[in-house]
Amino acid sequence: MEQFTTLTAKMVSIPTENIDTDQIIPARFLKVTDKNGLGENLFFDWRYHADGSHKEDFILNTEQGRQAKILVAGDNFGCGSSREHAPWAIMGYGFQAVISTSFADIFRNNSLKLGLLPVIVDEETHYQLMSLIEEEPDTEIIIDLADQTLQLPDGRKVKFPIDNFSKNCILNGVDQLGYLHQHASKVEAHEAVNPHRVNTLAGSST
Amino acid sequence: MSQNGHPKTLFEKIWDNHVVVDEEDSPSVLYIDLHLVHEVTSPQAFTGLREKGLKVRRPDKTIATMDHGIPTTSPEIPISDVLVLKQISQLEKNCNDFGIPLHGLYSPNRGIVHVIGPELGLTQPGMTIVCGDSHTSTHGAFGALAFGIGTSEIEHVLATQCLLQVKPKTYAVKVEGQLPKGVSSKDIILNLISRIGIGGGTGHVFEYMGEAIRSLSMEERMTICNMSIEGGARAGMVGPDDTTFEYIAGRPHAPQGEAWEAAVEEWRTLPTDEGATFDKEIVIDANKLEPMITYGTNPGMGMLITQPVPDPMQFGTVSERQTLEKALNYMDLQPGQSLLGKPVDVVFLGSCTNSRLSDLRLAASLLKGKKVADNIQMMVVPGSQQVKQQAEAEGIDKIFKEAGADWREAGCSMCIAMNGDQLEPGQYAVSTSNRNFEGRQGKGGRTFLASPLTAVATAITGQITDVRTMLD
Ligand code: SF4
């Protein structure tokens with residue numbers, strides 16, 4: 001789990017709506033057994049030509065992209081599969097936060113567990129950020145997690161929602177597994193009173 | 001009605017039965033009854049366990065198989081993809097080290113994880129079921145709460161048999177009336193998604209109800225629940241009934257004798273109580289449905305097969321217009337164009353949406369005595385080795401082979417194009433799978449999602465066809 005408190009950084013935008021996890025990281029790159037190196041394959045089919053060379057005009061191949069730590073994307077970002085390779089790839093590239101008007105549930109959950117901050121903003125703020133990136137690409141904004149705010153260059157602060165539990169885990173860089181372990185006795189109590197209906201080990205001769 | 005008098009939905013009953021800890025300011029700790037594992041999303045979770053010196057808490061509630069990267073060619077041909085081989089051997093090692101039962105490469109029970117769970121009788125009403133795969137929603141057809149999780153969450157469940165979850169909202173999908181001839185459960189779900197959009201169910205759990213749902217078989221219900229995630233909902237469920245119990249009875253992991261009687265009695269208390277309320281609701285009139293087809297690059301871009309491709313100019317917002325323009329550009333389609341009569345290159349019959357025995361039977365009944373058109377490459381991939389064997393016992397494989405289709409081994413295959421089964425750039429496919437995202441079935445490939453009947457009708461004529469014109 002990456003710790004995240006405040007971030008002052010440049011942004012880039014990919015305004016497409018409904019960016020699915022097959023675009024974020026195509027399935028052929030899921031044939032890995034670790035989490036490393038996926039940043040190279042982030043948005044692969046949008047980012048590289050068939051011969052493997054960079055599409056120079058794709059934002060992630062530009063200096064602006066390489067400097068940015070915040071990705072501003074269209075609505076319903078991260079829809080599709082449950083692959084955690086998607087946030088791994090986004091973080092592998094160097095992003096620490098993604099801003100959109102909404103996120104798909106599983107992508108959002110995965111990101112929160114890793115410390116990649118999914119920031120939900122209203123349409124107006126989203127539009128304003130997009131315009132900013134276009135007009136003044138070097139603009140930096142400030143994300144303050146403790147405060148749950150985005151601070152725009154004009155000083156305006158915009159609140160964003162996040163559940164307290166995820167927020168505290170990310171602020172402190174603590175893995176959520178610790179919390180589950182704390183409740184081991186309650187889990188045992190639950191098991192004691194609930195029947196054991198399937199046993200996957202029974203008759204598993206294959 | 002539930003014990004405390006307040007009417008509850010199916011979802012609420014299962015949720016309440018599985019909450020272990022519910023502290024203010026924290027998500028609920030939810031107990032998981034069954035954890036399905038496959039080779040692609042699990043390796044890093046096992047690495048996490050090893051790094052932390054943890055065990056798998058309940059290997060007896062965990063089961064693994066391999067499906068995503070497995071070749072569908074003859075088992076005699078050795079696997080040449082070293083990355084796939086590495087994932088397979090890693091899963092074998094992980095299952096071995098942690099004591100998890102595995103239906104491996106040569107198991108007669110191997111198959112797509114969402115096909116084998118129900119097939120083995122592991123999927124049962126009232127359970128919580130998770131898997132590192134978004135189509136875990138499939139198992140909700142049995143009245144289970146089943147949803148996909150990421151790799152960090154896989155590690156949590158392996159280590160603790162629990163998950164941290166924020167309680168989702170509920171969404172009633174009422175499908176009234178009866179399906180007309182040539183229209184199937186795949187068309188119901190594609191219709192729903194085309195109406196609410198692919199984010200329409202975000203934060204919710206669907207419960208499918210109504211006359212049309214009640215009259216569906218378990219396999220048809222699975223097709224619908226399978227694609228709940230394409231509507232943005234992590235889970236979709238159907239209240240268990242006699243159809244459910246008949247399907248489960250006698251399967252290898254189903255309860256037997258007295259335990260069976262007790263289980264059924266309990267399962268009968270699960271359906272949503274009269275008077276229970278949902279956060280959202282939509283009604284679909286099955287009588288008015290037609291075969292559906294998608295025209296774009298997400299499953300929400302779908303229409304009745306007789307409708308023209310929509311015009312981006314008809315959409316309200318700039319971003320909606322741009323999204324559709326981009327999709328039509330990728331698909332190389334024109335606004336206003338009819339898809340009927342459009343030649344395609346590939347027909348794919350398979351995936352956890354539509355690769356069960358009833359799908360293959362239905363497809364074969366239409367294909368029998370006919371030929372796959374010359375311009376079409378048709379690939380039939382059974383959902384599991386069991387489905388394959390049963391189909392072969394019924395002679396269904398012969399119908400496909402004689403028609404000129406390619407009859408393969410079980411796996412995910414061209415649904416996700418990880419194993420070499422894939423479209424060439426620019427090719428069009430009518431596919432019974434669940435995702436038409438750019439490149440999903442192979443880089444540059446273009447997918448039209450449809451039902452098995454529409455797929456076979458298209459295979460026969462070589463062009464997108466309304467199957468109703470072929471039925472008498
Ligand atoms: S068949 Fe397709 S959708 Fe289903 S589990 Fe396999 S890859 Fe995922």
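As a reminder, the structure under discussion sits directly above these lines.
Residues numbered from 1 in each chain as written. Chains lettered and ligands numbered in written order. Predicted model: local features only at pLDDT ≥ 70, side-chain atom pairs only at ≥ 80, totals over all residues. Heavy atoms only, no water.

Trainee: Quick one: what's the story with the overall build of chain A, residue by residue and with numbers?
Mentor: When its secondary structure is counted, chain A shows nine helices and seven strands. Dimensions of chain A, computed from the C-alpha atoms along their principal axes, are close to 65 × 45 × 25 Å. Across the 206 residues that make up chain A, the buried fraction comes to 57%. Looking at chain A, you have 17 positive and 29 negative side-chain charges, and the mean spots of the two groups are 6 Å apart. (Helix = DSSP H or I, 4+ residues; strand = E, 2+ residues; numbered from the N terminus. Buried < 20%, exposed > 50% of the residue type's maximum accessible area, 1.4 Å probe, protein only. Lys, Arg positive; Asp, Glu negative; His and termini not counted. Charge placed at Lys NZ, Arg CZ, Asp CG, Glu CD.)

Trainee: Lay out the nonpolar core in plain terms, naming residues and giving numbers.
Mentor: The biggest cluster of nonpolar side chains holds 89 residues, and the ones touching the most others in it are B:L145, B:V173, B:L192 and B:Y208. A per-element tally of this core places helix α6 (residues 185–196) of chain B first, with six residues. The contact partners of B:V173, leaving out residues within four places of it in the chain, are B:L192, B:F206, B:E207, B:Y208, B:M209, B:I282 and B:I284. Among the nonpolar cores identified, the runner-up in size contains 86 residues, and A:V12, A:L60, A:F95 and B:A457 belong to it. (Core = buried A, V, L, I, M, F, W, Y, C linked by side-chain atoms within 4.5 Å. Contact = heavy atoms within 4.5 Å.)

Trainee: Can you break down unusual backbone geometry residue by residue, with the values?
Mentor: Trans peptide bonds make up the majority, and among non-glycine residues the majority have a negative phi. Even without a glycine there, the phi angle at A:Q148 is positive, about 55°. Examined against the element boundaries, A:Q148 turns out to sit in the loop between β5 (140–144) and β6 (149–151).

Trainee: Explain the sheet that holds strand β11 (residues 235–238) of chain B residue by residue, including any values.
Mentor: All names here are of chain B. Read across the open sheet, the four strands follow the order β11-β10-β9-β12; overall the sheet is parallel. Edge positions in the open sheet fall to β11 and β12 (280–285), since each of these has one partner strand only. On average, each strand axis in the sheet is tilted by 20° relative to the strand beside it, whichever way the strands run. Against the sheet, helix α1 (residues 10–18) makes contact with β9 (169–176), β10 (204–209) and β11, and its axis sits at roughly 110° relative to β11, the strand it touches most. (Pairing = 2+ DSSP bridges. Axes fitted to C-alpha atoms, helices over the stretch in contact; angles between N-to-C directions.)

Trainee: Before we move on, could you go through the site of the ligand and cite the residues and values that matter?
Mentor: Every residue close to the ligand is listed here: B:H68, B:I112, B:H114, B:D133, B:H135, B:S351, B:C352, B:C412, B:C415, B:I416, B:N434 and B:R440. Taken together, the residues of the shell around the ligand break down into five nonpolar, five polar and two charged. (Near = heavy atom within 4 Å. Nonpolar A, V, L, I, M, F, W, Y, C, P; charged D, E, K, R; others polar.)

Trainee: Quick one: what's the story with the packing of helix α12 (residues 357–367) of chain B against helix α14 (residues 396–403) of chain B, residue by residue and with numbers?
Mentor: Residue and element names in this part refer to chain B. For the pair α12 and α14, interaxial distance at closest approach is 9 Å and the crossing angle is 45°. Between α12 and α14, the angle is such that the two are oblique. Read as a crossing pair, α12 and α14 show a hand that is left-handed. On α14, the residues touching L360, R361, A363, A364 and L367 of α12 are I396, I399, F400 and A403. Grouping the constituent residues of the contact of α12 with α14 by class yields eight nonpolar, no polar and one charged. (Parallel < 35°, antiparallel > 145°, perpendicular 65-115°, else oblique. Left-handed = near helix turned anticlockwise from the far one by under 90°.)

Trainee: Give me the lowdown on the sheet that holds strand β6 (residues 128–131) of chain B, citing residues and values where you can.
Mentor: Residues and elements named next belong to chain B. Reading across the sheet, the five strands line up as β5-β4-β3-β6-β7 and stay open at both edges, with parallel pairing between neighbours. The sheet is open, and its two borders are formed by β5 (102–103) and β7 (145–148), each paired with just one other strand. Where strand β4 (residues 62–65) lies against β5, two bridges are found, and the strand directions are parallel. Pairing of A64 across the sheet is with L102, part of β5.

Trainee: Residue-level account of the interface of chain B and chain A, with values.
Mentor: The accessible area lost on association of the parts is a frequent measure of interface size. Counting from both sides, the interface comprises 83 residues of chain B and, opposite them, 60 residues of chain A. Of the roughly 5,800 Å² buried at the junction of chain B and chain A (both faces included), carbon and sulfur atoms supply 57%. Between A:E191 and B:R58 there is a salt bridge whose closest N-O contact spans 2.9 Å. On inspection of chain B and its partner chain A, the count reaches 27 residue pairs in polar contact (both at pLDDT 80 or more). The element that contributes the greatest number of residues to the side of chain B that touches chain A is helix α5 (residues 151–160) of chain B, accounting for seven residues. (Buried area = accessible area lost by both parts, 1.4 Å probe. Salt bridge = Lys/Arg side-chain N within 4 Å of Asp/Glu carboxyl O. Polar contact = N/O pair within 3.5 Å; in protein donor to acceptor, adjacent residues only side chain to side chain.)

By themselves these figures say nothing about function.
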